[in-house]
Amino acid sequence: MSTTNNVLKISTDFQFETDIQIDVLEKAFQRYLKFIFLGPLPPDEPSAAVDPNRKQIQSIGNLTKLFVQIDDVSANLTLNSDDSYSLSIHAQPEPVAFLHAKQTWGALRGLETFSQLVDAYYQGFFINETKVVDYPRFKYRGVMVDSARHYLTMDVILQNLDAMSYNKFNVFHWHIVDDQSFPFVSLTFPELSQQGAYTPRHVYSPDDVQTVIQYAYERGIRVIVEFDTPGHSSSWRSIPNFLTPCYTKNGVPNGQLGPINPILNSTYVVLEKFFREIKKRFPDQYVHLGGDEVNFSCWASNPDIQNFMTQHGFGDRYELLEQYYEHNLVAIMEKIGLRYIIWQDVVDNNVKVDPHTVVQVWKTSPSYKTELAKVTKMNLQTILSSCWYLNYIGYGRDWQRFYQCDPQDFKGSQAQKDLVVGGEACIWGEYVDGTNLMERFWPRASAVAERLWSSAKVNNINAAIPRIDHHRCYQLVRRGLRAQPINASSFCQAEYSVVMNSRDRDEL
């Protein structure tokens, strides 16, 4: 990015212009016009996001429009979508601004950048003459939210998608079900949520799911849903004979149910029907299959499974039974045409996977660097989450740890490092719900966002502190999001409560 001292005033009749008529762009124009003109207010208004001691600024002209050009508006939102863009704001010979992107998604990132370059003074809004050529370092920049352990209301999920777009994240990994609850309303198996959700109110209806998908799409964010199996599956208990009956040491059923029963053909009939529905309802070509933390003790107690193990020569190696299950599940994905992401446990247990598989590295022991080297040596794409579990909180600037983690910092060839397609900030829901998700996640996740977007050379923490602090105040708090401080002492010109008291949430 290059900038000069030439300053333009944003005209009060400023507009975005384009010769392209697409709904995503029109809605983005409406959003960003609001963001650009958030304040200033008269100096005696406490919600004015302007330094009262700031000197007046002199401009050399008025900027009346930003023209947006997109080469390919038909490009789908996929793993390989192009988020690059160029932005030019010239003061001479006459004020003009131009945004060019290869795809719609790059235009959305450019609009966000343009809005962040606008500065508010009491006299109005101003922008410096600037030239930006920008593109992400990684094509997968994800956020994982767990809405199964604690139910998250729709407004919280949508606010989090807003925050993701302000930080140029492009994947929402929705961990929608787990042992604790099954809030996803399936049309094929409605009993799953009827018996698996906390209450009939704590569900995500088909309309809710579609709202999330559309809201994310309009912000250039893919929605990848996760249904973790064969473990983490207690909430599937409404389907007969689907979960494994557990037995006592005396060979008597103890009334408990364990992981999905991998030895029954009926299990795979259910899974195929279920994932065929998922393919219809979620447009992304990828689904997350989980595959982590399978407890073998129930399988080991079940006499039918013991006989199956003997017949197949598995001995007492229950990781081979897990491999058998995953092999069948992967075959279903290939049959119905879905690609998949898995937690690292699956390849750690030597399951043969499709070459298009994306492996999510999450463990810290053994070292995630060792795991990245191993997975990429198998010629598999991978994403990193190990150092970005944001549900773990520490006193002070714990975000610095997130900022210092680099997904390509491991021993391997350049070809291996190129297989790391990105990373994901995760917030698990054991102690997180709608009362604390936003402030716990933001702007700590902004440190991850910068690491995934910016060059590896942009890694100076001291330089990042004022940048992230400003971003928190002006792109998060000022837009009505509860984002916690990153410093031991700081302030925003317009603090959160004042912003919310002075504006209707629908304005933001």
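Look a little higher up for the structure.
Residues numbered from 1 in each chain as written. Predicted model: local features only at pLDDT ≥ 70, side-chain atom pairs only at ≥ 80, totals over all residues. Heavy atoms only, no water.

Asker: I'm lost on the packing of helix α3 (residues 154-166) against helix α5 (residues 206-217) in this one. Help?
Answerer: Pairs of packed helices are described in terms of their axes, by the angle between the two and the distance that separates them. In contact at an axis separation of 10 Å, α3 and α5 are set at 15 degrees when each is read in the N-to-C sense. If you check the angle between α3 and α5, you find them roughly parallel. Two packed elements cross with a definite hand, and for α3 against α5 that hand is right-handed. Touching M154, I157, L158, L161 and D162 of α3 are D208, T211, V212, Y215 and A216, all from α5. Its residues placed into classes, the contact of α3 with α5 shows seven nonpolar, one polar and two charged. (Axes fitted to C-alpha atoms, helices over the stretch in contact; angles between N-to-C directions. Helix = DSSP H or I, 4+ residues; strand = E, 2+ residues; numbered from the N terminus. Parallel < 35°, antiparallel > 145°, perpendicular 65-115°, else oblique. Left-handed = near helix turned anticlockwise from the far one by under 90°. Contact = heavy atoms within 4.5 Å. Nonpolar A, V, L, I, M, F, W, Y, C, P; charged D, E, K, R; others polar.)

Asker: What exactly am I supposed to notice about the pattern of salt bridges here?
Answerer: Where side chains of opposite charge bring their charged atoms close, a pairing between them can arise. Scanning the entire structure with this criterion turns up 24 salt bridges. As a salt-bridge pair, E218 and K27 come within 2.8 Å of each other at their nearest N and O atoms. With E218 in the loop between α5 and β9 (222-226) and K27 in helix α1 (residues 23-36), the pair connects residues that are 191 residues apart, well separated along the chain. Between K374 and E371 there is a salt bridge, with its nearest N and O atoms 3.7 Å apart. Residue K374 and its partner E371 are located together in helix α11 (residues 368-377), separated by three residues, close to a single helical turn. Taking the relative accessible area as the measure of exposure, K374 reaches 33% and is therefore partly exposed. The network of salt bridges with common partners includes D23, K27, D162, E218 and R219. (Salt bridge = Lys/Arg side-chain N within 4 Å of Asp/Glu carboxyl O. Buried < 20%, exposed > 50% of the residue type's maximum accessible area, 1.4 Å probe, protein only.)

Asker: Can you help me understand empty space enclosed by the protein in this one?
Answerer: Any space left empty among the atoms is revealed by the rolling of a water-sized probe across them. Applying the stated criterion to the full structure yields three cavities of 30 Å³ or more. Taken as a whole, the largest cavity spans an internal volume of roughly 70 Å³. Along its surface, the largest cavity is lined by F35, I36, L38, S115, V118, A120, F125, Y474, Q475, R478 and R479. Those elements giving two or more residues to the lining of the largest cavity turn out to be α1 and α16 (461-477). When the residues that make up the lining of the largest cavity are grouped by side-chain class, the tally is seven nonpolar, two polar and two charged. Considering only enclosed or pocket space, the second largest cavity measures out at about 50 Å³ in volume. R31, Y32, L108, R109, S165 and R219 are the residues that line the second largest cavity. Only α1 and α2 (104-117) provide two or more residues apiece to the lining of the second largest cavity. Grouping the amino acids of the lining of the second largest cavity by side-chain chemistry returns two nonpolar, one polar and three charged. (1 Å grid on protein atoms, 1.4 Å probe; cavity = no way out; pocket = protein on both sides within 12 Å on 5 of 7 lines; lining within 4 Å. Points joined across faces, edges and corners; volume = space filled by probe spheres on them.)

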